[in-house]
Amino acid sequence: MEHQQNHTFSADTGKLLKLMIHSLYSNKEIFLRELVSNAADAADKLRFKALSDGALFENDADLRVRLSFDADAKTVTISDNGIGMTRDEVVEHLGTIAKSGTSDFFEQLSGDQVKDSQLIGQFGVGFYSAFIVADKVVVNTRKAGEEASTGTRWESAGEADYSVADIEKADRGTEIILHLREDESEFLNDYKLRTIVSKYSDHISIPVEMFTEEVAEVKNEEGEDTPAVPAHWEAINKATALWSCPKAELKDEEYQEFYKHIANDFENPLTWSHNKVEGEQEYTSLLYIPKRAPFDMWNREKAHGLKLYVQRVFIMDDAEQFMPTYLRFVKGILDSNDLPLNVSREILQDTRTTGKLRSACTKRVLSMLTKFAKKNDTEYNEFWKEFGQVLKEGPAEDAANKEKIAKLFRFSSTETDSAEQNVSLDAYIGRMKEEQDKIYYITADSFNAAKNSPHLEILRKKGVEVLLLSDRVDEWLLSHLPEYDGKTFTSVTQGDLDLGKLDSEEDKKEQEKQETEFASFVDRVKEVLGDKVKDVRITHRLTSTPSCIVADNDDMSTQMAKLMAQMGQ
Ligand code: ADP
Ligand code: MG
């Protein structure tokens, strides 16, 4: 071995490795899923590159992963003939888990094992899961299309450091040798490995093969010869792309495992939708809603989008053109028959097909969520807690689907007076007074400020429900969503709160009487306050508070004014 170099992992990486080994230990067999998943990705990448440079196949276009073990040496080996890595890539991809956002990640750790392991799952530890079962990992790799002499060996005991060295490697691709920990011998077993592969990796797109020993010719019970089978590599998974199978043949577990493969999530998805569309457009989509928001959902630079395939060939990860930003938490694949195989991000930007697929995928997600909300009230509330804030970006970004998006919204309201946002607009409308034709809301800095606002007094007295909005985006949201189901959103803090038919004739007479009675008092208050206010009026909306500040009908609401002030406007 030449040109050997030792490197130290970043401090964060070491910490993460330790934590991961501990918290994922109860589910340690997932290491195989992760490594097989990487091999499948490497095959996908090679297949894609070979579309424009067939020589990369080096006369071996049958992509597969091979799995073997050596009981004496206590090793399990996973080897693929995918794209492989250069020395630089090895250092870049295996040298650090510290992808962007690691420090944010550490801030979120709670010390609670269950919670932390969920976070780790989202973080996508992939390759490093090898260290759950191995105390030494050796990676031999050589990039497709390069000389045999350009191979690289990476080696680490998963502690402070790793080493890289140059090696000869005749076959392209990557071989990962796991030196199992003392008590992990259960994986040195043919049956065990097969079981894990079919459990987790049945539907990755390439075969996972294990070596089968020669079977001698034998006579069966009828005395006939059954021919000998020579030793050979045998596929132990189905190796068909999951989305290309008919829905009726797929089990929930298969969908769930496939999700983990594409989404780098260790948890099951909340729900999914699998659709094959034929006709004018031909495509298959398989879209998943995760259970938990990624810790970096608010990082604008974070890649998102679907895995794009064209006629079963993997084209790219994170094709963001097919999902609007307010649905950036959706994971899944899109396999189009209409896009060209040589499609690039630039081409995607301006083909008509892209726009059509995007709008179709968007509709799928919205209707999947609508159905889910109908069927699973409590689970939907959990979804709302995780993703509601993102969904609220919807009406501004996607005016065409405003109503559908708004149907998915959940708010706090005076019906429950609870901070939990679980009132849908449809439920609100269902409870509206017969004479009511508006959706009333109040915005405030906090839920408590909204709930205790004096502006609500008269509405509470009349038994009219008011939405209590206190999320930062709410005001902005409503500026893009003036009405729902034909009913305008009306702030109860606007000057002349017109309760329309909710005020009876008697109420109105009483109000007029009060206005004349207090006219001179109002004049005095105006005099005292002078320029500080625009106007002073008798209010009929307060029942126990003597006075309150309101915005004029044409002016910004008080909440919006505060927001603008904060932004220095
Ligand atoms: P992820 O798969 O989410 O990118 P991993 O930790 O599983 O994260 O892998 C890190 C990176 O290492 C991969 O993105 C890939 O670039 C590289 N890698 C891992 N395994 C292989 C492999 N078998 N062949 C080629 N590259 C690999
Ligand atoms: Mg991976």
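Whatever comes next refers back to the structure up there.
Residues numbered from 1 in each chain as written. Chains lettered and ligands numbered in written order. Predicted model: local features only at pLDDT ≥ 70, side-chain atom pairs only at ≥ 80, totals over all residues.

Engineer: Which parts of the structure should I look at to understand helix 19 (residues 519-529)?
Structural biologist: Residues three or four positions apart in an α-helix share a direction because the helix packs 3.6 residues into each turn. Burial of helix 19 is sparse: only zero of the eleven residues sit out of reach of the surface. Among the residues trailing helix 19, Gly 530 stands out with phi positive, at a value near 55°. (Buried ≥ 20, exposed ≤ 12 C-beta atoms within 10 Å, placed from the backbone. Helix = DSSP H or I, 4+ residues; strand = E, 2+ residues; numbered from the N terminus.)

Engineer: Just to check I follow, could you spell out the pairing of strand 16 (residues 331-336) for this structure?
Structural biologist: Taken residue by residue, a regular strand's side chains alternate between the two faces of the sheet. Taking burial as the measure, the six residues of strand 16 include six buried ones, the bulk of the element. Burial along strand 16 is two-sided: the face carrying Lys 331, Ile 333 and Asp 335 and the face carrying Gly 332, Leu 334 and Ser 336 are both buried. Across six bridges, the pairing between strand 13 (residues 283-289) and strand 16 is antiparallel. If you follow Tyr 288 over to strand 16, its bridge partner there is Lys 331. (Pairing = 2+ DSSP bridges.)

Engineer: Just to check I follow, could you spell out the sheet that holds strand 12 (residues 271-277) for this structure?
Structural biologist: In a beta sheet, neighbouring strands pair by backbone hydrogen bonds and run either parallel or antiparallel. Read across the open sheet, the five strands follow the order 12-13-16-14-15; overall the sheet is mixed. Looking at strand neighbours, the two that pair on one side only are strand 12 and strand 15 (313-319), the edges of this open sheet. Put simply, the sheet's adjacent strands are angled 15° from each other on average, direction ignored. Contacting strand 12, strand 13, strand 14 (306-310) and strand 16, helix 8 (residues 252-263) crosses the sheet at an angle of about 90° to strand 16. (Axes fitted to C-alpha atoms, helices over the stretch in contact; angles between N-to-C directions. Contact = placed C-beta atoms within 7 Å.)

Engineer: Could you clarify how one ought to interpret the site of ligand 1 in this entry?
Structural biologist: Near ligand 1, the surroundings consist of 17 residues, among which Asn 38, Ala 42, His 93, Gly 126 and Phe 127 are the closest. Counting only elements with at least two residues in the shell around ligand 1, the list comes to helix 2 (30-50) and helix 3 (87-94). In terms of residue count, the dominant contributor to the shell around ligand 1 is helix 2 (five residues). A breakdown of the residues in the shell around ligand 1 according to their chemical character gives six nonpolar, eight polar and three charged. (Near = placed C-beta within 6 Å. Nonpolar A, V, L, I, M, F, W, Y, C, P; charged D, E, K, R; others polar.)

Engineer: Would you explain the packing of helix 2 against helix 7 (residues 190-200) in this entry?
Structural biologist: Relative orientation and spacing of two packed helices are given, respectively, by the angle between their axes and the distance between those axes. Put simply, helix 2 and helix 7 touch, their axes get as near as 9 Å, and they point 65° apart. Two packed elements cross with a definite hand, and for helix 2 against helix 7 that hand is right-handed. For the pair helix 2 and helix 7, the contacting residues are Leu 32, Arg 33 and Val 36 in the first and Ile 196, Val 197 and Tyr 200 in the second. Across the contact of helix 2 with helix 7, the residue classes tally to five nonpolar, no polar and one charged. (Left-handed = near helix turned anticlockwise from the far one by under 90°.)

Engineer: Got a minute to help me understand unusual backbone geometry in this structure?
Structural biologist: Most peptide bonds adopt trans geometry, and most residues besides glycine take a negative phi value. Of note in this structure, Glu 58 is not a glycine but carries a positive phi near 50°. Mapped onto the secondary structure, Glu 58 falls in the loop between helix 2 and strand 2 (65-70). Classification of Glu 58 by C-beta neighbours within 10 Å gives partly exposed; the count is 16. Its identity is not glycine, yet Arg 312 carries a phi of approximately 75°, on the positive side. Turning to its location among the elements, Arg 312 is positioned in the loop between strand 14 and strand 15. Judged by C-beta crowding, with 14 C-beta atoms within 10 Å, Arg 312 ranks as partly exposed.

Engineer: What's the story with the environment of Ile 206 in this structure? I'm lost.
Structural biologist: Of note, Ile 206 is situated in the loop between helix 7 and strand 8 (208-212). Judged by the 24 C-beta atoms lying within 10 Å of it, Ile 206 falls in the buried class. Along the chain, Ile 206 and Asn 237 lie 31 residues apart, while their C-alpha atoms are 8.6 Å from each other. For Ile 206, the residues in contact, after removing those within four places along its chain, are Ala 40, Ala 43, Leu 63, Arg 64, Val 65 and Ala 239.

Engineer: I'm lost on helix 7 in this one. Help?
Structural biologist: Taken together, the buried positions of helix 7 are Leu 193, Val 197 and Tyr 200. Buried positions in helix 7, seen along its axis, are confined to an arc of 85° and lie on one side of it. On its buried face, helix 7 sits against helix 2, strand 2, strand 8 and helix 8. (Arc of directions from axis to C-beta.)

Engineer: Is there a simple way to explain the sheet that holds strand 21 (residues 487-491) in this structure?
Structural biologist: Spatially, the five strands line up as an open sheet ordered 17-19-18-21-20, and their pairing is mixed. The open sheet has two free edges, formed respectively by strand 17 (412-413) and strand 20 (483-484), since each of these has just one partner strand. Pairing geometry for strand 18 (residues 438-443) and strand 21, over four bridges, is parallel. Counted as the bridge partner of Tyr 440 is Thr 490 from strand 21.

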